[in-house]
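Now for the letters of each chain:
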2 protein chains.
Amino acid sequence: MGKIGKQTWRFEKPIYINATGTTVGPLESQGPLKDSFDKWFDKLHCDEKNWEAAERKLLQEAITICLNKGNQTTKNIDIFLAGDLLNQTVTSNFVAREIQIPFLGLFGACSTSMESLALGAQLIDSGYAQTALCGVSSHNGAAERQFRYPTEYGGPTVKTKTFTVTGAGVALLSQKTSHVIVKEAIIGKVVDWGIGDPNNMGTAMAPAAADTIYTFFQDTGYNPQDFDMIVTGDLSSVGSPILKQLLSEKKLDISKNHHDCGLMIYRPNQPVSAGGSGCACSAVVTYGHLVKQLTKGTIKRVLVVATGALLNPTVIMQKETIPCIAHGVVLEAAGGQNS
Amino acid sequence: MGKIGKQTWRFEKPIYINATGTTVGPLESQGPLKDSFDKWFDKLHCDEKNWEAAERKLLQEAITICLNKGNQTTKNIDIFLAGDLLNQTVTSNFVAREIQIPFLGLFGACSTSMESLALGAQLIDSGYAQTALCGVSSHNGAAERQFRYPTEYGGPTVKTKTFTVTGAGVALLSQKTSHVIVKEAIIGKVVDWGIGDPNNMGTAMAPAAADTIYTFFQDTGYNPQDFDMIVTGDLSSVGSPILKQLLSEKKLDISKNHHDCGLMIYRPNQPVSAGGSGCACSAVVTYGHLVKQLTKGTIKRVLVVATGALLNPTVIMQKETIPCIAHGVVLEAAGGQNS
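Being a predicted model, the structure only gives us computed values, none of them experimental.

J.: Can you break down the overall build of chain A residue by residue, with the values?
T.: Within chain A, the regular secondary structure consists of 10 helices and 14 strands. For 339 residues, the compact-globule estimate of 2.2 N^0.38 gives 20 Å, and the C-alpha radius of gyration of chain A, at 18 Å, lies within 12% of that figure. Along the first, second and third principal axes, the C-alpha set of chain A runs to 50 × 50 × 35 Å. The buried share of chain A, taken over its 339 residues, is 68%. In chain A, the proportion of contacts linking residues at least 24 apart, taken out of those at least 6 apart, comes to 78%.

J.: Could you give me a rundown of the relation of the copies chain B and chain A, with the residues and numbers involved?
T.: When chain B is fitted onto chain A, the two copies agree to an RMSD of 0.0 Å after a turn of 180° and an axial shift of 0.0 Å. On the angle and the small slide along the axis, the relation comes out as a two-fold axis. Residue B:Leu106 of chain B places its C-alpha closer to the rotation axis than any other residue of that unit, at 2.1 Å. In this assembly, 100% of the residues forming the interface of chain B have copies in chain A that are likewise at the interface, indicating an isologous arrangement.

J.: Go over the interface of chain B and chain A with me, naming the residues and quoting the values.
T.: A common way to state how big an interface is: give the accessible area lost once the parts meet. Contacts between the two partners involve 58 residues from chain B and, on the opposite side, 58 residues from chain A. When residues of chain B are sorted by the area they lose upon contact with chain A, B:Gln88, B:Phe107 and B:Tyr128 head the list and together hold 17% of the total. Across the chain B-chain A interface, the total number found is 6 salt bridges. Taken together, chain B and chain A are joined by 32 residue pairs in polar contact (both at pLDDT 80 or more).

J.: Account for the environment of B:Ile77, naming residues and giving values.
T.: Residue and element names in this part refer to chain B. One can find Ile 77 in the loop between helix 2 (51-69) and strand 4 (79-84). In the structure, Ile 77 is positioned 193 residues away from Gln 270 in sequence and 38 Å away in space, judged by C-alpha atoms. In this structure, Ile 77 is in contact with Leu 67, Gln 72, Ile 101, Pro 102, Thr 131, Ala 132, Leu 133 and Leu 172, ignoring residues within four places of it in sequence.

J.: Which residues make up helix 2 (residues 51-69) of chain A, and what values go with them?
T.: Residues and elements named next belong to chain A. The first and last C-alpha atoms of helix 2 sit 27 Å apart over 19 residues, in line with the 27 Å expected at 1.5 Å per residue. For helix 2, the side-chain oxygen to backbone nitrogen distance between the N-cap and Glu 52 is 3.3 Å, and the N-cap itself is Asn 50. Once helix 2 finishes, Asn 71 follows within two positions and takes phi at roughly 55°, a positive value.

J.: Kindly report on the packing of aromatic side chains, identifying the contributing residues and their values.
T.: Inspection of every chain in the model, using the stated rule, returns 18 aromatic pairs over all chains. Here B:Phe217 and B:Phe227 contribute two aromatic rings whose centre-to-centre distance is 5.9 Å and whose plane-to-plane angle is 85°, an arrangement assigned as edge-to-face. With a gap of 10 residues between them, B:Phe217 in helix 6 (residues 201-220) and B:Phe227 in the loop between helix 6 and strand 10 (229-232) connect regions that are remote in the sequence. Exposure remark for B:Phe217: the relative accessible area of 6% places this residue in the buried category. The exposure class assigned to B:Phe227 is buried, which follows from its relative accessible area of 2%. Taken together, A:Phe216, A:Phe217, A:Tyr222 and A:Phe227 form an aromatic cluster joined through their ring pairs.

J.: Can you explain the packing of helix 6 (residues 201-220) of chain A against helix 7 (residues 236-248) of chain A? Please cite residues and give values.
T.: Residues and elements named next belong to chain A. Relative to each other, helix 6 and helix 7 sit at 40°, their axes nearing to 8 Å. One way to sum up the angle between helix 6 and helix 7 is to call them oblique. Handedness of the helix 6/helix 7 crossing: right-handed. Only Ser 236, Val 238, Gly 239, Ile 242, Leu 243, Leu 246 and Leu 247 of helix 7 make contact with helix 6, whose side of the interface consists of Gly 202, Thr 203, Ala 206, Pro 207, Ala 209, Ala 210, Ile 213 and Tyr 214. When grouped by side-chain class, the residues that make up the contact of helix 6 with helix 7 number 11 nonpolar, 4 polar and no charged.

J.: Tell me about the pattern of salt bridges, residues and numbers included.
T.: On inspection of all chains with the given rule, the structure shows 28 salt bridges over all chains. The partner of A:Arg97 in a salt bridge is B:Asp192, and the shortest N-O contact between them spans 2.5 Å. Of the two residues, A:Arg97 is situated in helix 3 (residues 90-99) and B:Asp192 in the loop between strand 9 (180-186) and helix 6; the pairing between them involves two chains. Note that B:Glu52 and B:Arg145 form a salt bridge whose closest N and O atoms lie 2.2 Å from each other. Of this pair, B:Glu52 sits in helix 2 while B:Arg145 sits in helix 5 (residues 140-147), placing them 93 residues apart in sequence. We classify B:Glu52 as buried; its relative accessible area is 5%. One continuous salt-bridge network, built from bridges that share partners, spans A:Arg97, A:Glu98 and B:Asp192.

Conventions adopted
Residues numbered from 1 in each chain as written. Chains lettered and ligands numbered in written order. Predicted model: local features only at pLDDT ≥ 70, side-chain atom pairs only at ≥ 80, totals over all residues. Heavy atoms only, no water. Helix = DSSP H or I, 4+ residues; strand = E, 2+ residues; numbered from the N terminus. Rg over C-alpha atoms; globule rule 2.2 N^0.38 Å. Buried < 20%, exposed > 50% of the residue type's maximum accessible area, 1.4 Å probe, protein only. Contact = heavy atoms within 4.5 Å. Least-squares fit on C-alpha atoms with pLDDT ≥ 70 in both. Buried area = accessible area lost by both parts, 1.4 Å probe. Salt bridge = Lys/Arg side-chain N within 4 Å of Asp/Glu carboxyl O. Polar contact = N/O pair within 3.5 Å; in protein donor to acceptor, adjacent residues only side chain to side chain. Expected span 1.5 Å × (residues − 1). Phe/Tyr/Trp six-rings, centres within 6.5 Å; stacked < 30°, edge-to-face > 60°. Axes fitted to C-alpha atoms, helices over the stretch in contact; angles between N-to-C directions. Parallel < 35°, antiparallel > 145°, perpendicular 65-115°, else oblique. Left-handed = near helix turned anticlockwise from the far one by under 90°. Nonpolar A, V, L, I, M, F, W, Y, C, P; charged D, E, K, R; others polar.

What follows is the structure in structure tokens.
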């Protein structure tokens, strides 16, 4: 079927999520979705020497869990699509070295979760792969040091700031029948409304999410009520109301079924300012919580729109703004229509 | 046709390079391939305030030139696949903001040139795009500061070091008949033989190139003599002999037709140590020089293997080594067989 409308892909064959693997850090395992995750670490170092090695362990373990659940070995996987927040997507590179699967490195900041899932499904649909492993990771300590300040400085935070989720989420795709189908995907455009404050990424990303969601409904002819949930990646308590406002100005009402992974993953009283962010935020909520709900049949169809702030600290110091992007994927309970 | 062998893609439809755009900096315009490039800048700043803005200009201008030559506008392009060496692939992100084409951000260090070309051709072959724009960029000043030291420090260099090419290369793909066809592609695995010296990337990358080239010939049944040229991206004078040695140990002799973009782009007496590197190195040599030769028919079939050192300075300081990858693409003169 291929491309429909301006930016949307509809997969001709049923592409299944055969298994997922999710790992998280201490704060995420104290959140309301704890039981959705496969493994959690009590300490942010995950028994490694530094944050970067800890992030690699999170991704590596998520892959091991996913392959075990899917009854697969790395030898049978045709392609590994991955990315992360660290410079040169170094977590993915090192993990790709360990698993020895042909590797496509991706970067879309926190939107990489759905970018990798979309491309993995596309490669299977078109016969370029029979099995694909799609994954992302992020680590609070590594990301904070790289994008802002080392957490050890103990710098003050602001209310609009999001909190990078520590974790990794991985999905195994193939045409082998399972409970969850990857149905459509939408590839976003870069949107930048001039926000230059890295402590307010929810506001920066909301217009990108609005652009992708609006185009998705235009391209497909779906209505928001066709979805049990429309889930954004990490707009937080700051960006979520802006998204709903922007879409309502375009006569699109998603207020009844909108949720944000960054708000779902933590309890309101956890010390995460405006909510969670990072590649792993949308990935662990989708591959942990949402895939479980779709498998049970408690929800039938969900649109996940992962939002990415394409932030570069050097360029921010040069007084440039933050370009943002959002990629979306539709997941359905196998054989199911909307409830 | 899809996947053949372990890692190779063979495109079913003829996917054409309809146009290319190449821009370079001052040193590249003094090299032997000057006349192959579309535009060159006399100063490294390219009339911009900083290196990062200069790199954006190089990529933006290469796109404008490419679209003009291809008689296309951004509105008619279905997908933009791009990446670069700067953290968060920030050059591509900002340029994607300007051109407003659905954007897939990629990272494979200097291998991103062929990663983007391979994926662009794959998306067209499978009906997910009718037109694709594939591009990369790199800038010596921006890359040196980020990966080593600011060039303004005037630090000494070593003979094994490669020199980041300043430039950008872009290709426009579609099924519209033209002179050059994208025939096959191979997606690499990450290979790391334990080199941890960022001043010796030729040695680090040679095993990755050898792995991809060896697998390519296994997958396809081609012989090296089926190719007028087998071109690596940036192995330099240090890595090129290692590649040939590694392949000869596997009974694969590419010594007669191997060339390296990093050695082709500069004269031996230019101050570039072991040769050129960077995403733009393979891109401007391929989209400038090689596409022109294929168009004229002076060569009929070429395998371009872009090599990427997936180097992260933080992780190097943590005493880790350099994971490497190589992605390859076969280009053919339209209707042509090997000469």
